[in-house]
Amino acid sequence: MNYRSILPLLLIPVIASIAGCKKYSGEKAAQERAQWIASLNDSISNISAQRKADSLRITQLRSDIDLWLKNFTQVNDPKQVEPYYIHSSFMGSYPLNSTGIASRIKDNQEFEIVAALSGSQFDAIRLTAGEYSISSPVVPPDQGLNFTSSDGLTVCSFSGKEITPIAEFVAVHEPEQIWMEYLRNGQVRSSIYLSHPQKRWISETWRMASARQLLDSLERRQMLTARKLELLHITLRRESE
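Predicted model only: the values in this text are computed from it and were never measured.

Q: Can you help me understand the overall build of the protein in this one?
A: Helices and strands together make up the secondary structure of the protein, namely five helices and ten strands. Burial status across the protein gives 40% buried among its 241 residues. A separation of at least 24 residues holds for 66% of the contacts in the protein among residues at least 6 apart in sequence.

Structural data, given as structure tokens:
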């Protein structure tokens, strides 16, 4: 979504409050004016506090991302639609050429899980740790990211908000045994245990992707709140005249 295209819509409440400004006269009107100015000051204080908290979080996120980024490599593969980031420790394990699971970060900062199964087709995965279980969305074959090769290897890529619960599940249950089932039309076709390296690969890739997404969100909010503060200060100055 283009942030600049939605900025005017997000600022409507502030602009509306400015449009509602009026000159006051009389005792009642003076009280209303005092309340109005107090509400402006409260808004300024609240937004300023939020901006300070966001600024601290942004600083920490930038530091964390700079540190974690040292463990990732950007890959420009002409066979792929776009560049992607992959955990450097697993460069030799991707692309998958046998049954297994991988994770990467797309060029748009979107987290992606890639699963592969030899000898059978599948369209979803299900993870189980103890009494807890979670399933991925079903992905149809598209001969692009979801396909079956001539040697019988089926590869499915899962990304977007719907895959977030899967990544969080692995991160939360990383110390435990995680059983992964390959599903087709809801039926189990095969299953494997995720190895410790596989779980670490997914968890650390998810940590990086989610941090970058949060950083982007906070930086956009900083731009919005800066504009809100500017408009509120303009209104306050007018009301103080």
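Q: Help me understand the pattern of salt bridges in this model?
A: A pair can form between side chains of opposite charge whenever their charged atoms are brought close. In this structure the tally under the stated criterion is eight salt bridges. One salt bridge connects Glu110 with Lys106, and the closest N-O pair in it is separated by 3.0 Å. Taking the relative accessible area as the measure of exposure, Glu110 reaches 23% and is therefore partly exposed. Across the pair Glu230 and Arg227 runs a salt bridge, and its minimum N-O distance is 2.9 Å. Of this pair, Glu230 and Arg227 both sit in helix α5 (residues 196-240), separated by three residues, roughly a single helical turn. Relative accessible area serves as the criterion here: at 42%, Glu230 is assigned to the partly exposed category.

Q: How should I be thinking about the packing of aromatic side chains in this particular structure?
A: The way to describe two aromatic rings as a pair is by their centre distance and the angle between their planes. Under the definition given, this model contains five aromatic pairs. Measuring from ring centre to ring centre gives 4.5 Å for Phe90 and Trp201, while their planes differ by 0 degrees; the resulting arrangement is stacked. Residue Phe90 is located in the loop between β2 (84-87) and β3 (100-106), and its partner Trp201 is located in helix α5; the two are separated by 111 residues in the primary sequence. In this structure Trp201 comes out as buried when scored by relative accessible area, which is 2%. Here the aromatic rings of Phe122 and Tyr182 are separated by 4.9 Å at their centres, their planes lie at 80 degrees, and the arrangement is edge-to-face. Taken together, the residues Phe122 in the loop between β4 (111-118) and β5 (124-129) and Tyr182 in strand β9 (residues 179-184) connect sequence positions 60 residues apart. With respect to class, Phe122 is no different from Tyr182; both count as buried. It is Arg104 that lies over the ring of Tyr84; its NZ or CZ is 4.4 Å from the centre. Over the ring of Trp68 we find Arg207; its NZ or CZ atom is 4.2 Å from the centre of that ring.

Q: What am I meant to see in the environment of Thr154 here?
A: Along the chain, Thr154 falls in strand β8 (residues 153-159). When its relative accessible area of 3% is taken as the criterion, Thr154 is described as buried. Along the sequence, Thr154 and Ala116 sit 38 residues apart, while their C-alpha atoms lie 5.5 Å from each other.

Q: Got a minute to help me understand the sheet that holds strand β6 (residues 132-135) in this structure?
A: In any sheet, the strands associate via hydrogen bonds between backbone groups, in a parallel or an antiparallel arrangement. Judged by pairing direction, the sheet is antiparallel, and its four strands sit side by side in the order β6-β5-β9-β10 without closing on themselves. In this open sheet, the two edge strands, each paired with only one partner strand, are β6 and β10 (187-193). Direction aside, neighbouring strands of the sheet carry axes that sit 20 degrees apart on average. In this sheet, β10 lies alongside β9 in antiparallel orientation, the contact comprising six bridges. Looking at the pairing, Glu181 lines up with Ser191 of β10. The strands touched by helix α4 (residues 164-172) are β5 and β6; relative to β6, the strand with the most contacts, the crossing angle is about 150 degrees.

Cut-off values and rules
- Residues numbered from 1 in each chain as written.
- Predicted model: local features only at pLDDT ≥ 70, side-chain atom pairs only at ≥ 80, totals over all residues.
- Heavy atoms only, no water.
- Helix = DSSP H or I, 4+ residues; strand = E, 2+ residues; numbered from the N terminus.
- Buried < 20%, exposed > 50% of the residue type's maximum accessible area, 1.4 Å probe, protein only.
- Contact = heavy atoms within 4.5 Å.
- Salt bridge = Lys/Arg side-chain N within 4 Å of Asp/Glu carboxyl O.
- Phe/Tyr/Trp six-rings, centres within 6.5 Å; stacked < 30°, edge-to-face > 60°.
- Lys NZ or Arg CZ within 6 Å of the ring centre and 35° of its normal.
- Pairing = 2+ DSSP bridges.
- Axes fitted to C-alpha atoms, helices over the stretch in contact; angles between N-to-C directions.

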